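# Fold and contact review
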Amino acid sequence: MWKKVYDWIEERLGLKALYDNLLDRPEPKGNWWNTLGSASLFLFVIQGLTGIFLTVYYTPSPDHAYDSIQYIMNGVAFGWLIRGIHHWGASLMIIIVFVHMLRVFVTASFKYPRELTWLIGIGLLLLTLGMGFTGYLLPWHQMAYWATTVGTQIAGSVPFLGDFILKALRGGPDLSALTLQRFFAAHIWLLPAALAGLIGVHLYLIIKHGESHYPSRDE
Amino acid sequence: MNDETKKQINQRYDRELQRGERFWPDSIFKDVIVSLAIFIVLVLLATFIGVENSPKADPSDTAYIPRPEWYFLFLFKFLALYGQIPLLGKVEWLATVLVPTIGIGLLTLLPFIDKSPWRYYTRRMLPLTVMGIIVFDMVLLTLVSDIPTVSESGSKLPGILQTVMGLAIPGLALIVLYYLAYRRGEDSPVAPMLWTSGLAAVLMVGFAAATFIVAPPVAKTEETVANTLIEQISAGQDLYSVHCVECHGDDGKVTVIEGVEGLEGKEISPINGRDMLYTLNDAAIAEVINYGRPDAGMNPFGKAYNPEGLTKSEIDYIVTFMRYNWDDRFEKPVMKPLFPSLADGEVPSYDVHIAPIVKRYCISCHRAGKDNNNFLMTSYQEILTTGDQADKNLVKGDMNSYLLQVIQGQAILDEKGEELIGVMPPKGHLPTDVIDVWIRWIMNGMPQTAEEAAALYVPPTPVPTPTP
Ligand code: HEM
């Protein structure tokens with residue numbers, strides 16, 4: 001009976017082929033440093049899930065953002081846990097992605113044939129930092145407001161283009177409701193979509209080239 | 001890279017695969033363990049440390065010292081140190097734009113800059129040591145980020161030490177490393193390069209330690225944030241007592257202002273009734289407090305108009321207090337008592353009992369700039385030492401201390417029979433348990449801390465049970 005059901009599903013989905021190609025692959029001997037990439041991926045997923053929960057209550061307007069966060073912390077069942085995980089997950093993700101980059105650097109895994117994997121990786125690092133920068137403003141508290149004021153000022157110090165960049169980031173000369181709306185859109189749509197896309201390519205490349213081995217003296 | 005090398009690399013990789021492991025289950029197993037560990041760490045952090053709160057954003061509070069997320073702190077510090085360099089430091093965009101762009105650019109193009117097929121560590125001394133120094137510098141810059149570049153006494157030493165640590169030594173080390181690497185061509189000298197980076201690292205740690213010694217990190221200014229509704233109501237009540245009571249009275253029902261210079265006898269509408277609370281929503285009340293009613297005599301309280309005024313969060317707390325106390329549509333939660341009640345023979349302390357009482361009942365008048373016989377009550381020291389009658393206000397063990405008399409409805413008269421001090425507080429009177437706290441505190445010698453008070457505790461002598 002079960003065999004029949006399995007065969008039926010297998011015939012249509014072709015899971016076996018997936019298994020053979022994705023999971024049952026040979027790999028060079030690895031060690032614990034090789035888990036950092038998948039740990040980054042795991043954190044991305046966790047941030048996505050907790051983030052979705054947070055948007056249920058969060059309101060991106062200067063009048064309500066702060067209070068909606070207070071409500072998540074005090075009013076919503078387990079809201080504090082979800083927000084706590086999202087908050088610490090952000091910091092941890094930055095650390096882990098950075099250390100993952102260092103490990104790839106140290107083992108020279110960015111060399112032929114994995115140059116593109118590295119390039120995409122830099123995009124991932126910058127996008128992750130971008131997520132941190134845009135997410136930090138959302139609670140609309142004093143620390144966030146003034147850190148973003150200074151952060152955008154720094155971006156605005158680019159010669160010639162500075163003024164334009166500053167206004168594009170803030171949606172005007174000052175931090176306002178528009179800034180919050182922009183950062184919110186970037187934080188929940190733009191950057192995650194870009195991240196997800198690049199992660200897809202990153203993973204495809206890793207499967208295609210296989211994980212690099214640890215170099216020995218003659219290499 | 002020519003096809004021959006590529007072929008070699010690929011063959012080499014195939015051989016490694018032969019003697020390797022399987023993705024499933026070998027690698028996945030490790031991945032899952034690490035992910036699980038991360039998840040547990042996150043839950044623990046969220047549960048036991050939680051998320052630091054900060055007051056609501058207040059665009060008018062320009063005195064606020066900005067502080068970015070920790071992972072941008074090193075950049076912040078780098079900019080501050082760079083600004084110290086004479087001349088060059090003035091051209092801001094060199095540091096804010098050029099240096100980060102070059103850094104990220106080099107990192108991005110790394111596979112196209114470092115095109116040699118060599119992978120083993122000793123053959124890549126230059127990239128490894130350079131990256132090591134830079135990452136180490138980033139960590140140290142993050143650690144010293146809370147130390148100001150100019151110390152409290154105005155000395156520039158901390159800034160100089162930090163600049164040597166964060167810019168000079170690593171800069172010098174990088175130059176030496178490049179020199180060592182290129183002097184020999186193909187093979188970089190391993191030992192000298194390791195010694196160079198090791199020495200640089202030790203020196204950097206030394207200077208970092210020196211900075212910590214000459215200028216300890218400034219303690220972050222405590223920001224009190226009321227997290228729960230109860231805390232908010234109580235914070236609002238304290239703020240209301242300080243700022244609003246003189247005109248609106250402690251229950252908001254004053255209709256004729258008394259004893260306020262310039263507004264004596266002014267008729268106002270009470271602010272505790274439905275007329276006000278039903279017609280104005282929270283945002284509108286917050287606006288009234290923010291802008292005041294300058295035409296009618298109420299000063300603006302918002303930071304934008306009054307540098308010593310209230311922040312957005314503080315105004316919100318006052319509104320919350322008004323709603324939950326006076327608006328009959330809101331049910332007030334069970335509040336924590338102002339101070340813990342006292343057992344027989346227990347002695348109150350300034351920290352635990354007197355401070356909250358003073359804040360609620362006396363501070364509105366007894367602070368700088370008010371009419372109060374120069375009796376200031378904002379700290380323990382002030383209460384004991386200020387006032388025109390400082391020597392008679394609080395006398396240890398004396399029931400006739402002026403303070404005790406006036407709070408019990410007994411005005412103090414001078415020789416001519418004229419009033420020296422009126423009853424306190426001038427309007428209304430203190431609850432009896434508050435008066436009791438004052439009496440016990442002064443009779444037992446005004447202890448400051450809870451420990452000092454506990455030392456004075458005399459357990460009541462048990463009443464002997466009559467034997468039949
Ligand atoms: C959101 C961020 C990232 C995710 C989710 C991610 C994911 C992964 C995963 C799952 C692997 C395979 C396992 C491993 O080697 O650890 C991997 C490998 C790799 N990653 Fe990333 N990565 C991220 C960021 C980066 C960054 C910032 C870089 C470098 C600039 C980078 C460069 C590479 C390279 C070159 C490999 C191949 C390593 C090898 O074959 O040994 N990745 N990544």
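Residues numbered from 1 in each chain as written. Chains lettered and ligands numbered in written order. Predicted model: local features only at pLDDT ≥ 70, side-chain atom pairs only at ≥ 80, totals over all residues. Heavy atoms only, no water.

## Here we look at the nonpolar core
Note the threshold: The set of buried Ala, Val, Leu, Ile, Met, Phe, Trp, Tyr and Cys residues whose side-chain atoms join them within 4.5 Å is what this entry labels a nonpolar core. Burial classes follow relative accessibility: with a 1.4 Å probe on protein chains only, a residue under 20% of its type's maximum area counts as buried, one over 50% as exposed, and anything between as partly exposed. Working definition: helices are DSSP H or I runs of at least four residues, strands are E runs of at least two. Numbering for both runs from the N terminus. We call two residues contacting when some pair of their heavy atoms lies within 4.5 Å.
Counting residues in each nonpolar core, the largest one holds 35 residues, and the members touching the most others are Leu-43, Ile-96, Phe-105, Phe-110 and Trp-118 of chain A together with Ile-38 and Leu-42 of chain B. Of all the secondary structure elements, the ones that give two or more residues to this core are helix 3 (36-57), helix 5 (79-106), helix 6 (115-137) and helix 9 (177-209) of chain A together with helix 2 (23-48) and helix 6 (125-143) of chain B. Ranked by residues supplied to this core, first place goes to helix 5 of chain A with 10 residues. Each residue touching Trp-118 of chain A, except ones within four places of it in the same chain, is listed here: Met-101, Val-104, Phe-105 and Phe-110 of chain A together with Leu-107, Thr-108, Leu-110 and Pro-111 of chain B. Listed in part, the 30 residues of the second largest apolar core include Tyr-350, Ile-363, Met-377 and Ile-407 of chain B.

## Regarding the site of the ligand
All names here are of chain A. What counts here: Only heavy atoms are used to decide nearness, and a residue is near a molecule or strand if one of them lies within 4 Å of it.
Taken together, 24 residues are adjacent to the ligand, and Gly-37, His-100, Arg-103, His-202 and Ser-212 come closest. Elements that contribute at least two residues to the shell around the ligand include exactly helix 3, helix 5, helix 6 and helix 9. Sorting elements by how many residues they give to the shell around the ligand places helix 6 first, with 6 residues.

## Details of the coordination of the iron atom of the ligand
Residues and elements named next belong to chain A. Just so we agree on the cut-off: Donor atoms: N, O and S within 2.8 Å of the metal, or within 3.2 Å for Na, K and Ca. Because water is excluded, sites can look incomplete. Between 85 and 135 degrees for all angles marks four donors as tetrahedral; over 155 degrees for opposite donors together with 65 to 115 for all other angles marks four donors as square planar and six as octahedral; every other arrangement is irregular.
Distances from the iron atom of the ligand to its protein donors, namely His-100 (NE2) and His-202 (NE2), fall within the range 2.1 to 2.2 Å. Angles of 86 to 179° at the metal separate the 6 donor atoms of the iron atom of the ligand, which places the site in the octahedral class. Taken together, the positions of His-100 in helix 5 and His-202 in helix 9 put the pair 102 residues apart, joining distant regions of the chain. This pair shows no difference in class: His-100 is buried, exactly as His-202 is.

## Concerning the interface of chain B and chain A
Note the threshold: In short, buried area is how much 1.4 Å probe accessible area vanishes from two parts on joining, totalled over both. Each reported salt bridge corresponds to a side-chain nitrogen of Lys or Arg within 4 Å of a carboxyl oxygen of Asp or Glu. Three residue categories are used. Nonpolar comprises Ala, Val, Leu, Ile, Met, Phe, Trp, Tyr, Cys and Pro, charged comprises Asp, Glu, Lys and Arg, and polar comprises the others, including Gly.
In this assembly, 78 residues from chain B lie in contact with 83 residues from chain A. Of the roughly 7,700 Å² buried between chain B and chain A on both sides combined, carbon and sulfur atoms contribute 67%. Linking chain B to chain A there are 5 salt bridges. Looking at the side of chain B that touches chain A, the elements that each hand over two or more residues are helix 1 (3-18), strand 1 (21-22), helix 2, helix 3 (73-82), helix 4 (92-108), helix 5 (110-113) and helix 6 of chain B. It is helix 2 of chain B that contributes the most residues to the side of chain B that touches chain A, 16 residues altogether. Here the residues of the side of chain B that touches chain A sort into 44 nonpolar, 15 polar and 19 charged.

## A word on the confidence of the model for chain A
Quick reminder of the rule: Confidence of the predictor in every single residue is expressed as pLDDT, which spans 0 to 100.
Averaged over every residue, the pLDDT of chain A is 92; the share at 70 or more is 100%. No element of chain A has a lower mean pLDDT than helix 2 (residues 15-23) of chain A, which averages 80, and none a higher one than helix 3 of chain A, which averages 97.

## Some words on unusual backbone geometry
Between Tyr-112 of chain A and the following residue, Pro-113 of chain A, the backbone shows a cis peptide bond with an omega angle of 5°. Topologically, Pro-113 of chain A is positioned in the loop between helix 5 and helix 6. Omega for the bond connecting Trp-24 of chain B with Pro-25 of chain B falls within 30 degrees of zero, at 5°, which places this linkage in the cis form. Secondary-structure assignment places Pro-25 of chain B in helix 2. A positive phi angle, near 55°, is found at Ala-108 of chain A, a position not held by glycine. With respect to the element layout, Ala-108 of chain A can be found in the loop between helix 5 and helix 6. The buried category is assigned to Ala-108 of chain A, whose relative accessible area is 2%. Of note, the phi angle at Asn-373 of chain B is positive, near 55°, even though the residue is not glycine. Relative to the helices and strands, Asn-373 of chain B resides in the loop between helix 14 (350-361) and helix 15 (380-385).

## Describing the packing of helix 5 of chain A against helix 6 of chain A
Residues and elements named next belong to chain A. The condition is simple: An axis is simply a line fitted to the C-alpha atoms; with a helix, the fit covers only the stretch in contact. Between two such axes, the angle follows the N-to-C directions and lies from 0 to 180 degrees. Between 65 and 115 degrees an angle is taken as roughly perpendicular, under 35 as roughly parallel, over 145 as roughly antiparallel, and anywhere else as oblique. Two helices crossing with the near one rotated counterclockwise from the far one by less than a right angle form a left-handed crossing, whereas a clockwise rotation gives a right-handed crossing.
Axis separation between helix 5 and helix 6 bottoms out at 10 Å; the angle between their running directions is 160°. The pairing of helix 5 with helix 6 is recorded here as roughly antiparallel in orientation. The handedness of the crossing between helix 5 and helix 6 is left-handed. Each of Met-93, Ile-94, Val-97, Met-101, Val-104 and Phe-105 in helix 5 lies in contact with helix 6, whose residues at this interface are Trp-118, Leu-125, Thr-128 and Leu-129.

## Examining the packing of aromatic side chains
As a reminder, the rule being used: When two rings of Phe, Tyr or Trp (its six-membered ring) have centres within 6.5 Å they constitute a pair, described as stacked for plane angles under 30 degrees, edge-to-face for angles over 60, and tilted for the intermediate range. Only lysine NZ and arginine CZ atoms are considered, and such an atom sits over a ring when it is within 6 Å of the ring centre and within 35 degrees of the ring normal.
A full pass over the atoms with the stated rule returns 23 aromatic pairs over all chains. The interplanar angle of 50° and the centroid separation of 5.7 Å between the aromatic rings of Phe-133 of chain A and Phe-183 of chain A together place this pair among those described as tilted. Residue Phe-133 of chain A is found in helix 6, and its partner Phe-183 of chain A is found in helix 9; the two are separated by 50 residues along the sequence. The exposure class assigned to Phe-133 of chain A is partly exposed, which follows from its relative accessible area of 24%. Chaining the aromatic ring pairs together yields one cluster made of Phe-133 and Phe-183 of chain A together with Trp-70, Tyr-71 and Phe-72 of chain B. The ring of Phe-23 of chain B carries Arg-25 of chain A above its face, with NZ or CZ at 4.3 Å from the centroid.

## Some words on helix 5 of chain A
Rule in force here: Any helix carries an expected span of 1.5 Å times its number of residues minus one.
Along its 28 residues, helix 5 of chain A runs 40 Å from first to last C-alpha, staying within 8% of the 40 Å computed at 1.5 Å per residue. Immediately beyond the C-terminal end of helix 5 of chain A, within one or two residues, lies Ala-108 of chain A, with a positive phi of roughly 55°.

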